[in-house]
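Given next are the chains, with one letter for each unit.
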Amino acid sequence: MSDNVDNAVFEILKKIQGDITLGRSEMRQFKQETETRFERLETLVRKQRRDGAAMLVMMRAAAGDFEERVTAVEAQIAALEARDH
């Protein structure tokens, strides 16, 4: 009977060790996949940040151009009004 208990304990311990090893392997794989996903996200965020900055520059340039045109129209209107009076 004692021999069966010793064998059972030994088999249980081997099973636990195998499960721990498998768990470590799965955890290592999970960590690697997670790091890869984070790297992709960081790359995407950097790209979006650059795109956003570029859009801001273009919007400021367009607003400046629009302001110049409006100022020119206002000057022409003022000149026409001055001629009429």
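Refer to the preceding data block for the structure.
Residues numbered from 1 in each chain as written. Predicted model: local features only at pLDDT ≥ 70, side-chain atom pairs only at ≥ 80, totals over all residues. Heavy atoms only, no water.

(A) The arrangement of the overall build of the chain in detail. Scanning the chain from N- to C-terminus turns up 1 helix and 0 strands. Relative to the compact-globule value of 12 Å for 85 residues, the chain shows a C-alpha radius of gyration of 36 Å, a clear excess of over 25%. Oriented by its inertia axes, the alpha-carbon framework of the chain measures out at about 120 × 15 × 5 Å. Looking at the 85 residues of the chain, the share that counts as buried comes to 0%. With the model as given, the accessible surface of the chain reaches about 8300 Å², and the carbon-plus-sulfur share is 61%. For the chain, the distance from the average position of its 14 positive side-chain charges to the average position of its 16 negative side-chain charges is 4 Å. (Helix = DSSP H or I, 4+ residues; strand = E, 2+ residues; numbered from the N terminus. Rg over C-alpha atoms; globule rule 2.2 N^0.38 Å. Buried < 20%, exposed > 50% of the residue type's maximum accessible area, 1.4 Å probe, protein only. Areas by Shrake-Rupley, 256 points an atom, 1.4 Å probe, with all protein chains shown as cover. Lys, Arg positive; Asp, Glu negative; His and termini not counted. Charge placed at Lys NZ, Arg CZ, Asp CG, Glu CD.)

(B) View of the environment of Arg37. Structurally, the position occupied by Arg37 is in helix α1 (residues 2-84). In this structure Arg37 comes out as exposed when scored by relative accessible area, which is 56%. A sequence separation of 36 residues divides Arg37 from Val73, and the C-alpha atoms of the two residues are 53 Å apart.

(C) Region of the structure containing the pattern of salt bridges. For the structure on display, the rule yields 4 salt bridges. A salt bridge links Asp19 to Lys15; the nearest nitrogen and oxygen atoms lie 3.2 Å apart. Taken together, the residues Asp19 and Lys15, both in helix α1 and 4 residues apart, mark about one turn of the helix. Note on Asp19: relative accessible area 40%, which makes it partly exposed. (Salt bridge = Lys/Arg side-chain N within 4 Å of Asp/Glu carboxyl O.)

(D) Quick look at a nonpolar patch on the surface. A cluster of nonpolar side chains, Val5, Val9, Ile12, Leu13, Ile16 and Ile20, forms an exposed patch at the surface whose accessible area comes to about 520 Å². Of note, Val5 is situated in helix α1. Of the residues examined, Val5 reaches a relative accessible area of 43% and is grouped as partly exposed. (Patch = residues over 30% accessible without salt bridge, like charges linked within 9 Å, V, L, I, M, F, W, Y side chains within 5 Å.)

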